[in-house]
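Here is how the chains run, residue by residue.
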Amino acid sequence: MDKKNINIGVIGCGRVGSSFIKNFIYKRNIIKEKTGIEINISKVFDKDKEKLSKFEKLIAKSPEEIVLNENIDIVVELIGGIDDAYEFISKAIENKKSVVTANKALISKYGEEIFKKAREKKVYIGFEASVAGAIPIIKSLRESFIGNKITKIVGILNGTTNYILSEMYYKEISFEKALIEAKRLGYAEANPELDISGYDTAHKILILSYISFGHLFSIDKITVEGINNIEPIDINFANQLGYRIKLLGISRKEDNHIEIRVHPTLLPKSHILSLVEGVNNAVYVEGDLIGKSLFYGEGAGGDAAGSSVISDVVEISRKIISKNFIEENFIPKRVLNLKPFEEIETKYYFRFTAIDKPGVLAKISKILGDNNISILSVIQKQDNPKKAVPIIMLTHKAKEKNVIKAINLINKLDVIKNPTVIIRLEQELM
Ligand code: HSE
């Protein structure tokens, strides 16, 4: 008899796991009506017994009871982190189970290996929820845009930091206060350091880059800066100059080079990515046929990510039911070089903390000029003779290596009282 039922096991009942289970049970009949397939959650595991307690009859005593279970077709891994998740996913594939995961840290590190094992065992891997929550960017890049040569991806890919930067801008509150609220709302990772340090964005841009360009770069090869050092004063000065500060993941292909970077960025207030507020994400994609395409939606939170998990579960269930293994749009392997970060060119925002006395600007400008950095504008709002004041400077496009060299020299001047704040500025990203 043809198989018409699919059984899934869920490992991890945190924010995404519990939203997924709740919503899936609630929508099961609608999904059956739409697809003709009955999909059941048959086992659930979490090492936190309290989280598990609400699932009564579904409780598995161990993750092995799911990954080794003959009756389970799809394992949904929602524990996050790398080591345990890698073990459970590997065992599940080994035992011929398809896997759905939201784990960007894992896919950005072991994606190639996991996809290879899955192809060998003729099972499927769904990872839509790993990038940009509810936005179907993985599906779009792999399927909808399959006929395109993708050249650029720019994204606001972390809801927590976008929420923090928006709160700091609108409510003029501190970074710490905004972070507490983001945690309370359930946007932050279990370890919010991953969000704040930019590493969550880095995992996501590495995955998008991989599926678009065919080379999975190691995270330690790319430059990642978070929002730890963004102070209200910078948000305020940027605002006065007509800019917002956003944490961007950027991946761009030029010939055989890929540029991948994650850092806070000044964007003109009128730029469409500046209008992405709160927990929302946006992903901008450029391709030869599509031209310019922009995706926007909720990037964090249990329901948003849970919606993508449901989508993967249903799609994989349909493939399993169809019996013939359908090779996924596999990612062509390409050998590409990473552009050294020192070679990137962009505009810059500098905040110097300098003594307010004659000749200081001349000294700073001389060093910048000697390093081929051309000044676009300068503002000094405070007047505090002989004391340290903030001086804000915007530059024309300059090379990163020249900027680093110049700022190191400037920081050594006796009139400079704190290390200079450097934020990159992008005017023409789209
Ligand atoms: N912590 C992540 C974010 C959640 O803030 O975007 C989804 O990856």
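Treat the numbers as computed from the prediction; the structure is a model and nothing was measured.

Asks: Kindly report on the environment of L208, identifying the contributing residues and their values.
Replies: One can find L208 in helix α10 (residues 199–213). Looking at L208, the relative accessible area reads 0%, which means it is buried. With 137 residues separating them in the primary sequence, L208 and N71 have C-alpha atoms 33 Å apart. Ignoring anything within four residues of it in the chain, the contact list for L208 reads V131, I137, I138, L141, I153, L157 and V283.

Asks: Break down the packing of helix α1 (residues 15–35) against helix α12 (residues 302–321) for me, with residues and values.
Replies: Put simply, α1 and α12 touch, their axes get as near as 9 Å, and they point 45 degrees apart. Accordingly, the angle class assigned to the pair α1 and α12 is oblique. Handedness of the crossing formed by α1 with α12: right-handed. Of the residues in α12, those touching α1 at R15, V16, S19, F20, K22, N23, F24, I31 and T35 are G302, D303, A305, G306, V309, I310, V313, V314 and R318. Among the residues making up the contact of α1 with α12, the classes are represented as nine nonpolar, five polar and four charged.

Asks: How would you explain the domain arrangement of the protein chain if you had to name every residue and give the values?
Replies: The assigned domain composition of the protein chain is domain 1 (5–133 + 302–322), domain 2 (137–298) and domain 3 (343–425). For domain 2 and domain 3, the distance between their C-alpha centroids amounts to 26 Å. Facing 17 residues of domain 2, the contacting portion of domain 3 comprises twelve residues. Both faces combined, the contact of domain 2 with domain 3 buries some 1,400 Å², and carbon together with sulfur accounts for 66% of it. It is F237, L241 and L266 that lose the most area in domain 2 upon contact with domain 3, and together they represent 38% of the buried surface on that side. For the pair domain 2 and domain 3, the number of links is three salt bridges.

Asks: Give a detailed account of the nonpolar core, specifying residues and quantitative values.
Replies: Among the nonpolar cores identified, the biggest contains 109 residues, and F20, V76, I137 and V313 are the most heavily contacted of them. When residues in this core are grouped by element, the largest group, eight residues, is from α10. Sequence-distant contacts of I137, that is, excluding residues within four places in its chain, are made with E128, V131, A132, L208, V283, V285 and F295. Y348, I407, I410 and L413 belong to the second-largest nonpolar core, a separate cluster that totals 21 residues.

Asks: I'd like to hear about the layout of surface pockets, residue by residue, with values.
Replies: As a volume, the largest pocket reaches approximately 1,100 Å³. Along its surface, the largest pocket is lined by 48 residues, and L78, I79, G80, E189 and A190 are the ones closest to its centre. Those elements that place two or more of their residues in the lining of the largest pocket are α1, α4 (83–94), α5 (104–120), α7 (159–171), α9 (193–196), α10 and α12. In terms of residue class, the lining of the largest pocket is built from 18 nonpolar, 17 polar and 13 charged. Split by domain, the residues of the lining of the largest pocket number at least three in each of domain 1 (5–133 + 302–322) and domain 2 (137–298). A volume near 420 Å³ is recorded for the second largest pocket. Along the walls of the second largest pocket sit 20 residues, with N148, I211, S212, F213 and P332 positioned nearest its centre. Secondary-structure elements contributing two or more residues to the lining of the second largest pocket are α6 (137–144) and α10. Top contributing element to the lining of the second largest pocket by residue count: α10, with four residues. For the lining of the second largest pocket, the residue count by class is eleven nonpolar, five polar and four charged.

Rules behind the numbers
Residues numbered from 1 in each chain as written. Predicted model: local features only at pLDDT ≥ 70, side-chain atom pairs only at ≥ 80, totals over all residues. Heavy atoms only, no water. Helix = DSSP H or I, 4+ residues; strand = E, 2+ residues; numbered from the N terminus. Buried < 20%, exposed > 50% of the residue type's maximum accessible area, 1.4 Å probe, protein only. Contact = heavy atoms within 4.5 Å. Axes fitted to C-alpha atoms, helices over the stretch in contact; angles between N-to-C directions. Parallel < 35°, antiparallel > 145°, perpendicular 65-115°, else oblique. Left-handed = near helix turned anticlockwise from the far one by under 90°. Nonpolar A, V, L, I, M, F, W, Y, C, P; charged D, E, K, R; others polar. Domains from an automatic or database assignment. Buried area = accessible area lost by both parts, 1.4 Å probe. Salt bridge = Lys/Arg side-chain N within 4 Å of Asp/Glu carboxyl O. Core = buried A, V, L, I, M, F, W, Y, C linked by side-chain atoms within 4.5 Å. 1 Å grid on protein atoms, 1.4 Å probe; cavity = no way out; pocket = protein on both sides within 12 Å on 5 of 7 lines; lining within 4 Å. Points joined across faces, edges and corners; volume = space filled by probe spheres on them.

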